[in-house]
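Next come the chains, spelled out residue by residue.
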Amino acid sequence: MTLADTRSPLLRISSLTKRFGGFTALRNVSVDIRPGERFGLIGPNGSGKTTLINCISGAFRTEPGTILFGDEDITPLQPHVRTRRGIARSFQIPRPFRSMTVAENLMVALDFAAHEHVSVGERRDTMMSILEQMGLGSKANVPATQLSQVELRKMELARAMATHPKLLISDEAMAGLSGSEVDEVLDLLLSFASCNITIIMIEHIMQAVMRFSERVMCLDAGTIIAIGTPSEVMADQRVQEAYLGT
Amino acid sequence: MTRNGIAFWTGAAVFLAAVFAMTQLVGNQYPFFAGYVILQFVALAVAWSILGGYAGYVNFGTSAFFGVGVYASVFLVNAFGAPLPVQILTGAAIGALMGFALGLLTLRMQGIFFSIATIALTIIIETTITNWRYVGGAAGIQIQRPAVTAPFDNYVQMLFFVQALLVVLAVAISRYIQNSWIGRGLQALRDDELAAECTGVPTLRLKLLACVISGALMCAVGAPSAMYLQYADPAGAFNLNYSVSTLAMSLIGGTAHWSGPIVGAILLGTTQQLLTVTISSEVNVLVLGVMLVLFVVGAPEGIIGLIRKLRGKGKEGEA
Amino acid sequence: MFSLDLLLDAVVIGVLLGCFYGAVSLGLSVSFGLLDVPHVAHPAFLVLASYAVSFLNEQYAVDPLVAGLLITPVFFVLGLATYRLYYETFERRGSDAGVRGIAFFFGVAFIIEVLIILQFGVDQRSVTADYVGKAWRLGDIRIPYRLLVAFAVATGLTILLTLYLSRTFMGRAIRAVAQDQEALRLMGTNPVRIKQWAFGIATAVLGIAGALLVIVAPVDPTLDRAYIGRTFCVVVMAGLGSMSGTLVAAVILGVAESIVLTLFGASWAPAISFAMLLGVLAVRPQGLFGRR
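A. Expanded view of the overall build of chain B. Along the backbone of chain B there are 15 helices and two strands. Taking 2.2 N^0.38 as the reference for a compact globule, 319 residues should give roughly 20 Å; the C-alpha atoms of chain B span a radius of gyration of 19 Å, in line with that estimate. Along the three orthogonal principal directions, the C-alpha set of chain B runs to about 55 × 45 × 40 Å. Taken over 319 residues, chain B has a buried fraction of 60%. Of the contacts made within chain B by residues no fewer than 6 positions apart, 81% connect residues no fewer than 24 positions apart. Entry remark: accessible area of chain B is about 12400 Å², with carbon and sulfur atoms responsible for 68%. Side-chain charges of chain B comprise 14 positive and 11 negative groups, with the mean position of each set lying 7 Å from the other.

B. A look at the pattern of salt bridges. Evaluated as defined, the whole model comprises 21 salt bridges over all chains. Salt-bridge contacts for Arg123 of chain A lead to Asp111 of chain A; the nearest nitrogen and oxygen are separated by 2.5 Å. One end of the pair, Arg123 of chain A, is in helix H4 (residues 120–134); the other, Asp111 of chain A, is in helix H3 (residues 102–113), and 12 residues separate them in sequence. We note a salt bridge from Asp191 of chain B to Arg190 of chain B, for which the minimum N-O separation is 3.9 Å. In this structure Arg190 of chain B comes out as partly exposed when scored by relative accessible area, which is 23%. Taken together, the shared-partner salt bridges in this structure form one network comprising Arg34, Glu37 and Arg215 of chain A.

C. Highlighting the packing of helix H6 (residues 155–179) of chain B against helix H9 (residues 203–222) of chain B. All names here are of chain B. Here H6 crosses H9 at 170°, and the two axes come no closer than 11 Å. Comparing the axis directions of H6 and H9 gives the class roughly antiparallel. Together, Gln163, Leu166, Leu169, Ala170, Ile173 and Ile177 of H6 and Ile213, Leu217, Ala220 and Val221 of H9 make up the contact between the two elements. Along the lines of polarity and charge, the residues of the contact of H6 with H9 split into nine nonpolar, one polar and no charged.

D. Just a nonpolar patch on the surface, in detail. A surface patch of nonpolar side chains, amounting to about 300 Å² of accessible area, comprises Tyr30, Phe33 and Val277 of chain B. Looking at the element boundaries, Tyr30 of chain B is found in helix H2 (residues 30–54).

E. Here's a closer look at the nonpolar core. Judged by nonpolar contacts, the single largest core of 222 residues is most densely connected at Tyr71, Val74, Leu186 and Leu247 of chain B together with Phe20 and Phe104 of chain C. The element contributing the most residues to this core is helix H8 (residues 191–216) of chain C, with 17 residues. Those residues within four positions of Leu247 of chain B in sequence are excluded, and the remaining contacts are Trp48, Val58, Phe60 and Leu292 of chain B together with Ala103 and Phe106 of chain C. Formed by 49 residues, the second largest nonpolar core is a distinct cluster that contains Met134, Val150, Val185 and Val239 of chain A.

F. View of the interface of chain C and chain B. Contacts between chain C and chain B engage 38 residues on the former and 38 residues on the latter. Both faces combined, the contact of chain C with chain B buries some 3500 Å², and carbon together with sulfur accounts for 82% of it. When the area that chain C buries against chain B is broken down by residue, the three leading residues are Arg100, Phe106 and Leu278 of chain C, summing to 17%. Run the count over chain C and chain B and you get one salt bridge. Going through the elements one at a time, helix H3 (64–91), helix H4 (97–120), helix H9 (223–238) and helix H11 (269–283) of chain C are the ones with two or more residues in the side of chain C that touches chain B. When the residues that make up the side of chain C that touches chain B are grouped by side-chain class, the tally is 32 nonpolar, three polar and three charged.

G. Up close: the sheet that holds strand E5 (residues 72–73) of chain A. All names here are of chain A. As summarised here, the arrangement of the four strands in space is E2-E1-E4-E5, forming an open sheet in which the pairing is antiparallel. Either end of the sheet is taken by a strand with one partner, and the two such strands are strand E2 (23–33) and E5. Alignment of strand E1 (residues 11–20) against E2, held across seven bridges, turns out to be antiparallel. Paired with Leu11 across the bridge in E2 is Ile33. On the sheet, helix H1 (residues 49–57) packs against E1, E2 and strand E4 (66–69) and is oriented at approximately 115° with respect to E1.

H. Structural view of the side chain of Asn54 of chain A. Residue and element names in this part refer to chain A. With respect to the secondary-structure elements, Asn54 resides in helix H1. Taking the relative accessible area as the measure of exposure, Asn54 reaches 11% and is therefore buried. Those residues in contact with Asn54, other than ones at most four positions away along the chain, are Ala59, Phe60 and Arg89.

I. Region of the structure containing unusual backbone geometry. You will see that Glu172 of chain A, though not glycine, has its phi angle at about 45°, which is positive. When you line up the elements, Glu172 of chain A lands in the loop between strand E7 (167–171) and helix H6 (179–194).

J. Expanded view of the environment of Arg211 of chain A. Residues and elements named next belong to chain A. Here Arg211 shows up in helix H7 (residues 206–212). Taking the C-alpha atoms as reference points, Arg211 and Ile93, separated by 118 residues in sequence, lie 23 Å from one another. Not counting the four nearest positions on each side in its chain, Arg211 is found in contact with Asp183, Leu186, Asp187 and Leu190.

K. Structural detail: the sheet that holds strand E6 (residues 87–89) of chain A. Residues and elements named next belong to chain A. Read across the sheet, six strands follow the order E6-E7-E8-E3-E9-E10 without closing on themselves; strand pairing throughout is mixed. Whereas interior strands pair on both sides, the edge strands pair on one side only; in this sheet they are E6 and strand E10 (223–228). Each strand of the sheet is rotated relative to its neighbour by a mean of 20°, with strand direction disregarded. Taken together, the four bridges between strand E3 (residues 38–42) and strand E9 (residues 215–220) define a ladder with parallel strand orientation. Each residue of the ladder has a partner; that of Leu41, found in E9, is Met217. H6 contacts E3, E7 and strand E8 (198–202) of the sheet and is inclined by roughly 155° relative to E8.

L. A look at the confidence of the model for chain B. Residue and element names in this part refer to chain B. Of the residues in chain B, 97% have a pLDDT of 70 or more, and the chain-wide mean is 89. Note on residues 314–319: pLDDT is under 50 here. Beyond four places in sequence and across chains, it has five contacts. Across the assembled chains, the prediction reports ipTM 0.89 with pTM 0.89.

M. Fine view of the interface of chain B and chain A. Contacts between chain B and chain A engage 19 residues on the former and 22 residues on the latter. Here chain B and chain A share an interface that buries about 1800 Å² over both sides, 61% of which is from carbon and sulfur atoms. It is Leu194, Cys198 and Thr199 of chain B in chain B that bury the most area against chain A; as a group they hold 31% of the surface buried on that side. For the interface between chain B and chain A, the tally reads two salt bridges. Across the salt bridge formed by Asp192 of chain B and Arg95 of chain A, the nearest N and O atoms sit 2.7 Å from each other. If you look at where chain B meets chain A, you find nine residue pairs in polar contact (both at pLDDT 80 or more). Of all the elements in the fold, those that place two or more residues in the side of chain B that touches chain A are helix H7 (181–191), helix H8 (193–197) and H9 of chain B. Looking at the side of chain B that touches chain A, the element that brings in the most residues is H7 of chain B, giving seven residues. A breakdown of the residues in the side of chain B that touches chain A according to their chemical character gives nine nonpolar, four polar and six charged.

What counts and what doesn't
Residues numbered from 1 in each chain as written. Chains lettered and ligands numbered in written order. Predicted model: local features only at pLDDT ≥ 70, side-chain atom pairs only at ≥ 80, totals over all residues. Heavy atoms only, no water. Helix = DSSP H or I, 4+ residues; strand = E, 2+ residues; numbered from the N terminus. Rg over C-alpha atoms; globule rule 2.2 N^0.38 Å. Buried < 20%, exposed > 50% of the residue type's maximum accessible area, 1.4 Å probe, protein only. Contact = heavy atoms within 4.5 Å. Areas by Shrake-Rupley, 256 points an atom, 1.4 Å probe, with all protein chains shown as cover. Lys, Arg positive; Asp, Glu negative; His and termini not counted. Charge placed at Lys NZ, Arg CZ, Asp CG, Glu CD. Salt bridge = Lys/Arg side-chain N within 4 Å of Asp/Glu carboxyl O. Axes fitted to C-alpha atoms, helices over the stretch in contact; angles between N-to-C directions. Parallel < 35°, antiparallel > 145°, perpendicular 65-115°, else oblique. Nonpolar A, V, L, I, M, F, W, Y, C, P; charged D, E, K, R; others polar. Patch = residues over 30% accessible without salt bridge, like charges linked within 9 Å, V, L, I, M, F, W, Y side chains within 5 Å. Core = buried A, V, L, I, M, F, W, Y, C linked by side-chain atoms within 4.5 Å. Buried area = accessible area lost by both parts, 1.4 Å probe. Pairing = 2+ DSSP bridges. pLDDT = per-residue confidence, 0-100. Polar contact = N/O pair within 3.5 Å; in protein donor to acceptor, adjacent residues only side chain to side chain.

What follows is the structure, encoded as structure tokens:
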């Protein structure tokens, strides 16, 4: 670790292991994420990145291993409780609520994950301001199924942001987008980060990871093979091997 | 109360008043016999769509809940001579418990697996009742109606009114759910359960709630049926026709709005009554099946969806 | 009361019955197990085949097995058409296909049931052949020939289908489409056409299975309801799409039914397959010999 950090971590993952039958998807993973950090997560396909996300967000049960969020052990909590505690995520393949409009998609988050009791009017205002910020203001009443790929990605991030997260996990939010669209989404993530939201970004587009991250971790076959500043990780022998397959 | 709310409750009051007036004024018994069955299907379809429509869990087990309601009454009458309200409330309580069990199943099974499991429950319960001598076994059992209470002068008229009350109760609950956070949560989990969880929706709790409410209503609707027919047998009470009718009525009416199942049930229920009288009950089921298939293939949003399309996309009706 | 002879008898009959259950479940093992089509109407198609066989047998004195073979092309085409309709209306639309797809097949099952009633009435139907009604004595055990015939044909059918799926190009393509559609598309093959073909095969097999059904016992129009439990129990227990697993699971079901029948009587029989199905779903949804 390059920076000496005196503050306690926002997310502390300790010796996490995840098995599917006989297959070990994650092996003894431990990492601390600091509050406000921009954290990049890379690794070849099938290296366990999405599995790790699923463990953090609660879609998978983990055992053994613990996950601390703030001071709380969230390992036994269901996903929706974790969302209410402040962990939000997007999905690698977008999963919108298909029967709803963009606005309704966000309202689900505001209805169920809002921390205090706020009036419906205030929630609508919050929803619109998030949509405006994402550049989706004009799409509020459009059915989610009619969005373009980049709009869908943005809506997923908007929905995640509507839950008021402390930690946002973006799972390949830029996959399949054009160059200018990648920049757009990256700028959005950076603007979230500037609002003091901790972000874990999974991405295959190396340029984006390099530009975004303060720290990068590389997984291969379920284990951490490198962690450090982007340039340190890129220079790592094992990371290059994992990517080039030599 | 909102304007819509006032309109709804006024409508409900007018409906009940009309039903009551009918029991006092109409002498011919046939309208009550036929009307009872139609109202019964309205209540079943509305109850079914709370789980099947809002939450998207296709329950083939309507007949299980209905049959258990029937046999709860049979048992209560046989053992204690319990009055009708007690039968209905007991039915609702047992239905709620069954619903809870069904809700737990959703933890492990979704889609077709859940649906098949509900058929399995139906057959298992039916077989158990068939082997239970006390309530008549496979041969069935006759039930004596008690004397009718004023202001009704005929038992079927009273049952007709009671069923109308159940309809209003079911519709009011369904409407409340649709317009509340419960409805939005159910809609979210129907679209995508994992995404809903990760957006803060307590999916299991909502599914359990939907199952309990839906189950309690279906059982409550079944309870008076023993008194209506004055007879119960397992093959009749657990007949899968209840399941397919309920499902068809809900889907044909449309499950996106609480009024859909009502429209579907009234339309198909009335058609069924006419067909049963004029042609045969087989043709009846055939019409139902063909309509169901035609609608799921050709008009997936049901009649409600067709109406919405006709009115154009501009107006977004909220109720 | 309980005796070893009785038990042995029940087990032998159960094994034979089980192989027969395997044969009637093979089609579902392909359509539901491999293709993920929620084919609740599978047992209704099965009973329809039985009526067709019974009709040919009564009217033209065709041997039931030959009749079963004769109707397979018709059922093949029926399967192609059914899948096409299902694909166009549900799979391709994607969203919310689940609810309506299930309702669709449920509706189709009821339509078939009623059409049979309207055409043939509610009475039971059976077939006449040399092997129906006679029995073979093996010591104290009495084995009806019709069960032996069903057993032999069922086993043959299972082996044939297993070979087809593992040895032929089309069979391997069907297995591949179940696992990874995208890969197949990249190879330049159209997964929809393969699935349609597979569904056709699955339905064609029902022609012979239907013949076995009516050979084993008389059929009535609502018999499909009991077979929803049996066929889905077998396919789910086997682990979706496993052919050899199907046979093993079917034998387990057959023996269980036969033993319960002997010990507790026929009135409990309908619940056994459903109870086993529920148990497997609750405890081990991936089946006992699972693919997933």
